[in-house]
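Chains, contacts and geometry: an overview
Letter by letter, the chains look like this.
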Amino acid sequence: MTRHQGHSTAGESGMEIERSVLAYLHSHPQAADTLRGIVNWWLPRQRYESGCLRIEHVLERLVAEGLLHRDELPDGEVLYALNRHTRQPQPN
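For clarity, every value in this text was computed on a predicted model and none was experimentally measured.

1. Let's talk about helix α2 (residues 35-64)
Between the first and last C-alpha of α2 there are 42 Å, a value that for 30 residues agrees with the 44 Å anticipated at 1.5 Å per step. The largest bend in α2 is about 25°, located at W42, with the proline P44 one to four residues further on. Within two residues after α2, G66 carries a phi angle of roughly 85°, on the positive side.

This is how it looks when you write it as structure tokens:
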């Protein structure tokens, strides 16, 4: 596969799509689909999964900073809420 060194918006979005498709295939090595299937199923699912991981890291950082607190529910899910003992930052 040839990679171009351009930094255009189209190139960056192309690289993002490439990473998403390959990440999906690494997670689902038996997968095969049409263009429509890839657009409708693979890419949204891959973005959702990677988005969830990024959001989880942010939430855990906010818990570590004391801005949020977390409670584990009986089913193993985690509930996040504002730590009411923390002062709210003032807008600049």
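Still more ground to cover, so stick around.
2. What about the confidence of the model for the protein?
Mean pLDDT for the protein: 84, with 79% of residues reaching 70 or above. Within the protein, helix α1 (residues 9-27) has the poorest average pLDDT of any element, 84, and strand β1 (residues 68-72) the best, 94. Considering only residues more than four positions removed or in separate chains, one finds that residues 1-8, a stretch of pLDDT under 50, has four contacts.

3. Some thoughts on the nonpolar core
In terms of nonpolar packing, the biggest core is built from five residues, these being V21, Y24, I38, W42 and L43. Elements represented by at least two residues in this core include exactly α1 and α2. Apart from residues no more than four positions distant in its own chain, W42 is found in contact with V21, Y24, L25, A31, A32, D33 and G37.

Conventions adopted
- Residues numbered from 1 in each chain as written.
- Predicted model: local features only at pLDDT ≥ 70, side-chain atom pairs only at ≥ 80, totals over all residues.
- Heavy atoms only, no water.
- Helix = DSSP H or I, 4+ residues; strand = E, 2+ residues; numbered from the N terminus.
- Expected span 1.5 Å × (residues − 1).
- Bend = angle between axes of the 7 residues up to and from the residue.
- pLDDT = per-residue confidence, 0-100.
- Contact = heavy atoms within 4.5 Å.
- Core = buried A, V, L, I, M, F, W, Y, C linked by side-chain atoms within 4.5 Å.
- Buried < 20%, exposed > 50% of the residue type's maximum accessible area, 1.4 Å probe, protein only.

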